[in-house]
Amino acid sequence: MKTLDEYYRSYNSNVHRGIHVLSAKATEAYEGARTKVANFVNAADSREIVFTRNATEAINLVAYSWGLSNLKQGDEIVLTVAEHHSAIVPWQFVSQKTGATLKYVGLTKEEVPDIEQFKGLLSNKTKIVVVHHVSNVLGSMLPIEDIVTWSNRVGAKVLVDACQSVPHMPVDVQKLGADFLVASSHKMCGPTGVGFLHGKLDILSSMEPFLGGGEMIADVFQDKSTYAEPPSRFEAGTPAIGEAIGLGAAIDYLSQIGMQKIHEYEKELATYLYESLISVPNVRIYGPAPCKTDHRAPLCSFNVENVHPTDIAEILDLQVCCVLPVAKYCSHSLILAPCSFIWIE
């Protein structure tokens, strides 16, 4: 918040297109944030980082810029049924326009994507694999390095939705080896309205622009235009300058703590959360148990038998917001404690 305030109060200006002092300072801070993102995920070059409005836009960028130019009738796109719909819908659009087919990997009895089925779906028809790193519903983690190796054997590109991993653990894009990786600022202590795409530089350089106008051009003629090199090629118009700089400040904060330290602590929280919630009668938790994997994220999607999830959410919300006034002024109240329904007298 202080970083955003400083930008808007002290050097609010557009980037890349001004020669005055404020523009130079804004450009330096904006590009400095790009370098921070690159270092945070260990990108080979800061030019591999493209700022977007969010991870959803980053996925759409790949779908439209790479997908429409490289997919055709008979090609296949492999996803899992556990993907966020923001990673599914753009490829539905592309498949409808190109004739490519969507193939989905199901879940095992442990409620994790079926790796054996995934390997069986790969073929020379597979052109791109779209998978999450950590599921925002199941809490499970996929072996991205292996997925990249298997996909590369059939010549397929890999796009990783890393929204749930980049903020919570060390992520090394060079080690993972994926062609594309996306994440969003607001999940990692940063502002809303900005995210990023990491793409291998040679692939980004081969892609057409996603949007037109602003700094994505090199030269503009009446009948045609030439395009800037990445990442400018994919950052049309005035970007979210303050938000990108704010993301850089969030990265400074996380880096100061240490991502490995954060990851180890969250693993403890994940086990505590799961074991506490599973002890509640009639609670059904989705995804693998921590004892069956070292990579259960600190979240639990659950249902309570015979109770609508909206009712549970509303009661929990009321308990958090109103439990003190209710306890003070009402002689009888029904509240949801962490372990059960409790009748207060």
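Here is what the cut-offs are and how they apply
Residues numbered from 1 in each chain as written. Predicted model: local features only at pLDDT ≥ 70, side-chain atom pairs only at ≥ 80, totals over all residues. Heavy atoms only, no water. Axes fitted to C-alpha atoms, helices over the stretch in contact; angles between N-to-C directions. Helix = DSSP H or I, 4+ residues; strand = E, 2+ residues; numbered from the N terminus. Parallel < 35°, antiparallel > 145°, perpendicular 65-115°, else oblique. Left-handed = near helix turned anticlockwise from the far one by under 90°. Contact = heavy atoms within 4.5 Å. Nonpolar A, V, L, I, M, F, W, Y, C, P; charged D, E, K, R; others polar. Buried < 20%, exposed > 50% of the residue type's maximum accessible area, 1.4 Å probe, protein only. Pairing = 2+ DSSP bridges. 1 Å grid on protein atoms, 1.4 Å probe; cavity = no way out; pocket = protein on both sides within 12 Å on 5 of 7 lines; lining within 4 Å. Points joined across faces, edges and corners; volume = space filled by probe spheres on them.

Caption draft 1: Spotlight on the packing of helix H3 (residues 55–70) against helix H4 (residues 89–98). Running from N to C, H3 and H4 point in directions that differ by 20 degrees, and their axes come no closer than 9 Å. What the angle tells us is that H3 and H4 run roughly parallel. H4 is crossed by H3, and the crossing has right-handed handedness. Contacts between H3 and H4 involve Ile59, Asn60, Val62, Ala63, Tyr64, Gly67 and Leu68 on the former and, on the latter, Pro90, Trp91, Phe93, Val94, Lys97 and Thr98. Residues that form the contact of H3 with H4 fall into these classes: nine nonpolar, three polar and one charged.

Caption draft 2: Region of interest: the pairing of strand S7 (residues 195–199). In terms of burial, S7 is a largely internal element, five of the five residues being buried. Side chains of S7 alternate between two faces, with Gly195, Leu197 and Gly199 and Phe196 and His198 buried alike. Bridge analysis of strand S1 (residues 49–52) against S7 gives four bridges, and the strand direction is antiparallel. Paired with isoleucine 49 across the bridge in S7 is histidine 198. Taken together, the five bridges between strand S6 (residues 180–184) and S7 define a ladder with antiparallel strand orientation. Its bridge partner lying in S7, serine 184 is registered against glycine 195.

Caption draft 3: Quick look at empty space enclosed by the protein. Inspection of the entire model under this criterion finds two cavities of 30 Å³ or more. Here the largest cavity is characterised by a volume of approximately 60 Å³. Taken together, Val15, His16, Arg17, Tyr30, Glu215, Ser232, Glu235, Gly237 and Pro239 make up the full set of residues lining the largest cavity. Its residues assigned to classes, the lining of the largest cavity shows three nonpolar, three polar and three charged. Estimates place the volume of the second largest cavity at around 40 Å³. Of the residues in the lining of the second largest cavity, the class split is seven nonpolar, one polar and no charged.

Note that all results are geometric; they support no functional claim without further evidence.
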